[in-house]
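Residues per chain are reported as follows:
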Amino acid sequence: MTERRLTVAAALAQARARGVALLDARLLLGRLLGASPTWLIAHDEICLDAEVASHWAEDLERRAGGEPLAYLLGQKEFRGLLLDVTPATLIPRPETELLVDWADALLGGSAGCDVVDLGTGCGAIALAVKQAHPQARVVATDASPAALAVAQGNARRLSLLVEFIVASWWQGLEGRLFDLVLSNPPYVREDDPALDALRHEPTAALTPGGDGLGALAAIIGGAAAHLNADGWLVLEHGFDQAEPVRELLRKAGFAAIETRRDLAGHARAAAGQRAVP
């Protein structure tokens, strides 16, 4: 008896039955077939060969189990850059583009500025800043060698020259000064129920434990010693952390403190300028 092979239409029907969004399913199947979602629509009668069908079953199981689409595809777009991502890195979010927009405004047409991205993950912030400001000297750090390897790979593929350092916050940057410090640190409270939905992403990149302010406090506390005169610190934080972060900036002696909101209207980022006596 001839074995009945799975068609594109049947594969997508399997996805719907497992609760996987049609767009996600088309992207996953398109990756396996080297085809666009549009091609899949026009060729839904095409049969999958045995190898593709096997990989499809694995991908479908993982996606139905809640694994993020970005990890299955191995890539995520951020501010026009297609970045490689792995489970060693946090998946870049649209709200983090707010930090890059703020950096653009602060850097303006300045040439030769020194910028550091603390906790770079896949390199999203550092690489977006370097692409927008080729003359800037950009440094990116991360405590995870695995995450930093992904960021370095993205930099090579995109031909963007960034200095990478394995380090936790200010470690490894002794004696170095910057005009702009950027960071999207872990800031989720350890008891936040949202962490369950994020279980596939690296916990250390999501929460520092406790009230979620530990990493933000460490960065703010050490920032003045690493900022040039009139230099800026720009941080992403939780939607309910705006006032605690502003207070940390005030206590650290920062001036011109400001909070900005993301596209959803949540207070999402804060900045302060080094106050020089």
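The preceding data block contains the structure.
Cut-offs and rules
- Each chain has its residues counted from 1, following the order in which its sequence is written.
- Thresholds applied to this predicted model are a pLDDT of at least 70 for local features of residues and 80 or more for the giving and counting of side-chain atom pairs; totals over whole chains, interfaces and linings are not thresholded and use all residues.
- Here the side-chain values reflect all heavy atoms present in the structure, with hydrogen atoms and water set aside.
- By definition, any uninterrupted DSSP run of H or I lasting at least four residues is a helix, any uninterrupted run of E lasting at least two residues is a strand, and each is numbered from the N terminus.
- Contacts are assigned to residue pairs with any non-hydrogen atoms lying within 4.5 Å of each other.
- Areas reported here follow the Shrake-Rupley algorithm with a probe of radius 1.4 Å; residue values treat only the protein chains shown as occluding.
- Note on charges: Lys and Arg go in the positive column, Asp and Glu in the negative column, and His and the chain ends are not counted at all.
- In this description, the location of a charge corresponds to atom NZ of lysine, CZ of arginine, CG of aspartate or CD of glutamate.
- Only strands that DSSP links by at least two bridges are regarded as paired with each other.
- Angles here are taken between N-to-C directions and fall from 0 to 180 degrees, while the axes themselves are lines fitted to C-alpha atoms, restricted in helices to the stretch in contact.
- We call a residue buried when its accessible area falls under 20% of the maximum for its residue type, exposed when it is over 50%, and partly exposed in between, using a 1.4 Å probe and counting protein chains only.
- A pocket, in this scheme, is an open set of points on a 1 Å grid over the protein atoms alone with protein on both sides within 12 Å along at least 5 of 7 lines, while a cavity is a set where a 1.4 Å probe fits but cannot get out; residues line either one if an atom lies within 4 Å of a point.
- Grid points are joined across faces, edges and corners, and a volume is the space filled by probe spheres set on the points.
- Just so you know the grouping, Ala, Val, Leu, Ile, Met, Phe, Trp, Tyr, Cys and Pro go in nonpolar, Asp, Glu, Lys and Arg go in charged, and all remaining residues, Gly too, go in polar.
- When the strands point away from the viewer and the path from the first strand over the helix to the second turns clockwise, the crossover is right-handed.
- Here is the rule for angles: anything less than 35 degrees is roughly parallel, anything more than 145 is roughly antiparallel, 65 through 115 is roughly perpendicular, and the remaining ranges are oblique.
- Each crossing is labelled by how the near helix is turned from the far one, with a counterclockwise turn of less than a right angle marking it left-handed and a clockwise turn marking it right-handed.
- We define a salt bridge as a contact between a side-chain nitrogen of Lys or Arg and a carboxyl oxygen of Asp or Glu at a distance within 4 Å.

In terms of helices and strands, the protein carries eleven helices and nine strands. Here the C-alpha coordinates of the protein stretch approximately 85 × 40 × 30 Å along the principal axes. Counting only contacts in the protein whose residues sit at least 6 apart along the sequence, the fraction spanning at least 24 positions is 64%. Of the roughly 13100 Å² that the protein leaves accessible, carbon and sulfur atoms contribute 54%. Charge-centre separation for the protein: the mean point of 25 positive side chains lies 2 Å from the mean point of 35 negative side chains.

Attention now goes to the sheet that holds strand E5 (residues 163–166). The sheet built from seven strands is open, its strands ordered E5-E4-E3-E6-E7-E9-E8 with mixed pairing. Strands with a single pairing partner mark the edges of an open sheet, and in this sheet they are E5 and strand E8 (254–261). Neighbour-to-neighbour, the strand axes of the sheet open up by a mean angle of 15 degrees, direction not taken into account. With five bridges connecting them, strand E6 (residues 178–183) and strand E7 (residues 227–236) associate as parallel partners. Bridge assignment links Leu-180 to a residue of E7, and that residue is Trp-232. Most of the contacts of helix H7 (residues 124–132) go to strand E4 (residues 137–142), to which it runs at about 175 degrees, and overall it touches strand E3 (114–118), E4 and E6. Strands in contact with helix H8 (residues 145–158) are E4 and E5; relative to E5, the strand with the most contacts, it is inclined by about 170 degrees.

Attention now moves to helix H6 (residues 97–107). Of the positions making up H6, those classed as buried are Leu-98, Leu-99, Val-100, Trp-102, Ala-103 and Leu-107. A positive phi of about 50 degrees marks Gly-108, the residue just after H6.

A separate point is the layout of surface pockets. Unoccupied space between atoms shows up once a probe the size of one water molecule is rolled over them. Here the largest pocket defines a volume of roughly 490 Å³. Across the lining of the largest pocket, the residue classes break down as 18 nonpolar, nine polar and three charged. Glu-95, Tyr-187, Val-188, Leu-198 and Arg-268 are, among the 22 residues lining the second largest pocket, the residues nearest its centre. Along the lines of polarity and charge, the residues of the lining of the second largest pocket split into eleven nonpolar, four polar and seven charged.

Our next topic: the pairing of E4. Here is the key point about a regular strand: its side chains alternate between the two faces of the sheet. E4 sits mainly inside the fold: five of its six residues count as buried. Here E3 pairs with E4 via five bridges, running parallel. Within the sheet, the bridge partner assigned to Val-115 lies in E4 and is Val-138. Two strands pair when backbone bridges link them, and E4 and E5 are joined in this way by four bridges, in the parallel orientation. If you follow Ala-140 over to E5, its bridge partner there is Phe-164. Chirality of the crossover, the property in question, places the unit of E4, H8 and E5 among those that are right-handed.

The next subject is the packing of helix H10 (residues 214–223) against helix H11 (residues 242–251). Where H10 meets H11, the axes come as close as 9 Å, and the angle between the chain directions of the two elements is 25 degrees. Between H10 and H11, the angle falls in the class roughly parallel. In the packing of H10 onto H11, the handedness of the crossing is right-handed. Contacts between H10 and H11 pair Leu-216, Ala-217 and Ile-220 from the former with Val-245, Leu-248 and Leu-249 from the latter. Split by residue class, the contact of H10 with H11 holds six nonpolar, no polar and no charged.

Moving on, we get to the environment of Glu-51. Tracing the sequence through the fold places Glu-51 in helix H4 (residues 50–64). The exposure class of Glu-51 is exposed, given its relative accessible area of 56%. Along the backbone, Glu-51 and Gln-75 are 24 residues apart, and their C-alpha atoms lie at a distance of 22 Å.

Looking now at the pattern of salt bridges. All told, the structure shown has 17 salt bridges when counted by the stated rule. One salt bridge in this structure joins Arg-18 and Glu-61, with 3.3 Å as the shortest N-O distance. Of this pair, Arg-18 sits in the loop between helix H1 (8–17) and helix H2 (22–33) while Glu-61 sits in helix H4, and the two are 43 residues apart along the sequence. A relative accessible area of 47% means that Glu-61 is categorised as partly exposed. Between Arg-62 and Glu-67 there is a salt bridge; the shortest N-O distance is 2.7 Å. For Arg-62, a relative accessible area of 36% gives the class partly exposed. Overlapping salt bridges, with partners in common, bring together Glu-243, Arg-246, Glu-247 and Arg-250 in one network.

Worth remembering: the numbers are spatial, not functional.
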